Amino acid sequence: MLELHDAPLAPLTTFRLGGPATRLVTATTDAEVVAAVREADADGTPLLVIGGGSNLVIGDKGFAGTALRIATSGFDLVGTTLELAAGEVWTDAVARTVEAGLAGVECLAGIPGSAGATPIQNVGAYGQEVSATITEVIAYDRRAGETVTLSNEECAFSYRHSRFKADPERYVVLRVRFALEDADGLSAPVKYAETARALGVEPGDRVPLTQARETVLELRAGKGMVLDAEDYDTWSAGSFFTNPILTDADFAVFHARVKERLGEDAVPPAYPAGEGRTKTSAAWLIDKAGFTKGYGSGPARISGKHTLALTNRGEATTEDLLALAREVVAGVREAFGVTLVNEPVMVGVGL
């Protein structure tokens, strides 16, 4: 294992923000990951697990403890069964499944981060979520002190949530297993309306896998959601807020606020989210509350390509970013009575 002290963490995050860690350990095997976790737990040392760093907001003071960077590798494909080591680069893994002619994660192309992070957040985009293809997650259970295998059901997946996110101090993901589909080179049925329009097909249709992946990458790039070191719009954590899910009663109140603010003909986005619940769009709320693309005058601003991404324009601090996030949260709440919730994990800070 590589070990550094007073190590900068900002370069390990897509925001490029945050102070140093007291100690940074880079693990390249599952055994090294487990050993580092056990050592920290035995010593009572705070532990921060870092994969691709695409979903982290680290405070300017850094992290007083051990930061464990998981850099394991492993892409094991047998038939339609795929096992990924937690440290595998997710977007590269998606590309390889498409090259192999297998469907199930092609619309998750371009999402930054590591494979081990995908079950934690139940990563999803353009009509696909990893929970639809994950069969098992192998993780180190810090409470039990042993490696365990959790079935899909045991992962308790829901919208941008899982058992791992609900109990973040308990599990460290080591490997993720997927069941993909051999559809003769075709994608899974296209579910997302924007994707279908871009592909020129109807929802439910299948298209060549390569076409599906390339179209999603183009859509993401147009929103600044594909990493590019030269483009400050991609110095972000992607979507900073989750789409609110409201009860029927809360949605009725929200709908009334929309009409009051925007006029009787205004209709907010609404998607079924289970019995008695409706999901609406955080990006729409942000925009209609007055926080349009490029909003801000400081070193942290809303992306010029997508209102859901908060960005570091090159010289921001974490506090600059949080000040903008708080302004957006307060403005949306005042306008529509809906409180936005951050999607990235906060380390040493909060909204």
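Here, the structure is the one placed above.
The sections below set out a description of the structure shown in this document. (Residues numbered from 1 in each chain as written. Predicted model: local features only at pLDDT ≥ 70, side-chain atom pairs only at ≥ 80, totals over all residues. Heavy atoms only, no water.)

1. Points about the overall build of the protein chain
Secondary structure summary: the protein chain contains 9 helices and 18 strands in total. For 351 residues, the compact-globule formula gives about 20 Å, and the C-alpha radius of gyration of the protein chain, at 20 Å, lands near that figure. Oriented by its inertia axes, the alpha-carbon framework of the protein chain measures out at about 60 × 50 × 40 Å. A burial count over the protein chain gives 50% of its 351 residues as buried. (Helix = DSSP H or I, 4+ residues; strand = E, 2+ residues; numbered from the N terminus. Rg over C-alpha atoms; globule rule 2.2 N^0.38 Å. Buried < 20%, exposed > 50% of the residue type's maximum accessible area, 1.4 Å probe, protein only.)

2. Quick word on the layout of surface pockets
If you add up the space inside the second largest pocket, you get close to 390 Å³. Together, 24 residues line the second largest pocket, and G51, G52, V89, G113 and L227 are the ones closest to its centre. Looking at the lining of the second largest pocket residue by residue, the class counts come to 10 nonpolar, 10 polar and 4 charged. (1 Å grid on protein atoms, 1.4 Å probe; cavity = no way out; pocket = protein on both sides within 12 Å on 5 of 7 lines; lining within 4 Å. Points joined across faces, edges and corners; volume = space filled by probe spheres on them. Nonpolar A, V, L, I, M, F, W, Y, C, P; charged D, E, K, R; others polar.)

3. Things to note about helix α9 (residues 318-336)
A rise of 1.5 Å per residue sets the reference length of α9, with its 19 residues, at 27 Å; its end C-alpha atoms lie 27 Å apart and thus fit the reference within 8%. On the buried face of α9, the contacting elements are β4 (56-58), α7 (248-262), α8 (282-288), β16 (300-302), β17 (310-312) and β18 (345-347). Of the residues trailing α9, G337 is marked for its positive phi of about 75°. (Expected span 1.5 Å × (residues − 1). Contact = heavy atoms within 4.5 Å.)

4. Section: empty space enclosed by the protein
What the rule picks out here adds up to 1 cavity of 30 Å³ or more. A volume near 30 Å³ is recorded for the largest cavity. Forming the boundary of the largest cavity are E106, C107, Y126, G127, Q128, A188, P189, V190, K191 and Y192. Each residue belonging to the lining of the largest cavity can be placed in one class, and the counts come to 6 nonpolar, 2 polar and 2 charged.

None of the figures reported here should be taken as evidence of function without further support.
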